[in-house]
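Listed below are the residues making up each chain.
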Amino acid sequence: MSTETLNPERVITPEIITEEAPDTSSGDAPPIFGRCPVCNKPLFPRDRHTGEPKAPPPGTGYESRARCSGCGTILCYVGNGNWRVLSESDLSEEDRQADQFDRMIGF
């Protein structure tokens, strides 16, 4: 095992970002995130991969869905801060197979 001496000229110091997070203490979400159409609770969607606050892509696919933390309704994002309740006709054959699998394993 070898040890290496660090050269101070090669050390990269990270840039410190002092941007403030949005104030969510009032319970209001940015208008682009919208509200649940069932219980009217402000929604705070996040990117599934990074966790950053972000509205999903519009549509009915898996990436466009969210569950309201207020009433538990599964919603799909239609764009411009608007959501609607996910209906049976929105589900693809893959969605139905995944639901059957979840029921089989007791999920």
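Preceding this section is the structure that the text describes.
Note that the structure is predicted; figures quoted are calculated from it, not measured.

1. Quick notes on the layout of surface pockets
Next up, step 1: In this structure, the largest pocket spans a volume of roughly 810 Å³.
Next up, step 2: For the largest pocket, the lining is made up of 32 residues, of which Arg48, Tyr62, Arg65, Ala66 and Arg67 are closest to its centre.
Next up, step 3: Those elements giving two or more residues to the lining of the largest pocket turn out to be strand 1 (65-67), strand 2 (74-79), strand 3 (82-85) and helix 1 (93-104).

2. Let's talk about the side chain of Ser64
Next up, step 1: Positionally, Ser64 belongs in the segment before strand 1.
Next up, step 2: Residues contacting Ser64, with those up to four places away along its chain left out, are Pro56, Pro57, Pro58, Gly59, Leu75, Cys76, Tyr77 and Trp83.

3. Some thoughts on a nonpolar patch on the surface
Next up, step 1: Residues Phe101, Met104 and Ile105 make up a contiguous nonpolar surface patch of about 370 Å² in total accessible area.
Next up, step 2: Summarising the element assignment, Phe101 is placed in helix 1.

4. Some thoughts on the side chain of Asp47
Next up, step 1: Relative to the elements of secondary structure, Asp47 occurs in the segment before strand 1.
Next up, step 2: Of the residues examined, Asp47 reaches a relative accessible area of 18% and is grouped as buried.
Next up, step 3: Within the local environment of Asp47, its side chain forms a polar contact with the backbone nitrogen of Thr50, the two atoms lying 2.9 Å apart.
Next up, step 4: Leave out the neighbours within four places in its chain, and Asp47 touches Glu52 and Lys54.

5. Quick word on the environment of Arg67
Next up, step 1: As for its placement among the helices and strands, Arg67 is situated in strand 1.
Next up, step 2: Taking the C-alpha atoms as reference points, Arg67 and Cys36, 31 residues apart in sequence, are found 9.3 Å from one another.
Next up, step 3: With residues near it in sequence (within four places) discarded, Arg67 still touches Gly72, Thr73 and Ile74.
Next up, step 4: For Arg67, the side chain forms a polar contact with the main-chain oxygen of Gly72, separated by 3.2 Å.

6. Here's the deal with the sheet that holds strand 2
Next up, step 1: Pairing is antiparallel in the open sheet, where three strands are placed in the order 1-2-3. Where the open sheet ends on each side, the last strands, each with one partner, are strand 1 and strand 3. Strand-to-strand twist in this sheet, taken as the mean axis angle between neighbours without regard to direction, amounts to 40°.
Next up, step 2: Taken together, the four bridges between strand 2 and strand 3 define a ladder with antiparallel strand orientation. Among the inter-strand pairings, Leu75 is bridged to a residue of strand 3, identified as Val85.

Rules used in this analysis
Residues numbered from 1 in each chain as written. Predicted model: local features only at pLDDT ≥ 70, side-chain atom pairs only at ≥ 80, totals over all residues. Heavy atoms only, no water. 1 Å grid on protein atoms, 1.4 Å probe; cavity = no way out; pocket = protein on both sides within 12 Å on 5 of 7 lines; lining within 4 Å. Points joined across faces, edges and corners; volume = space filled by probe spheres on them. Helix = DSSP H or I, 4+ residues; strand = E, 2+ residues; numbered from the N terminus. Contact = heavy atoms within 4.5 Å. Patch = residues over 30% accessible without salt bridge, like charges linked within 9 Å, V, L, I, M, F, W, Y side chains within 5 Å. Areas by Shrake-Rupley, 256 points an atom, 1.4 Å probe, with all protein chains shown as cover. Salt bridge = Lys/Arg side-chain N within 4 Å of Asp/Glu carboxyl O. Buried < 20%, exposed > 50% of the residue type's maximum accessible area, 1.4 Å probe, protein only. Polar contact = N/O pair within 3.5 Å; in protein donor to acceptor, adjacent residues only side chain to side chain. Pairing = 2+ DSSP bridges. Axes fitted to C-alpha atoms, helices over the stretch in contact; angles between N-to-C directions.

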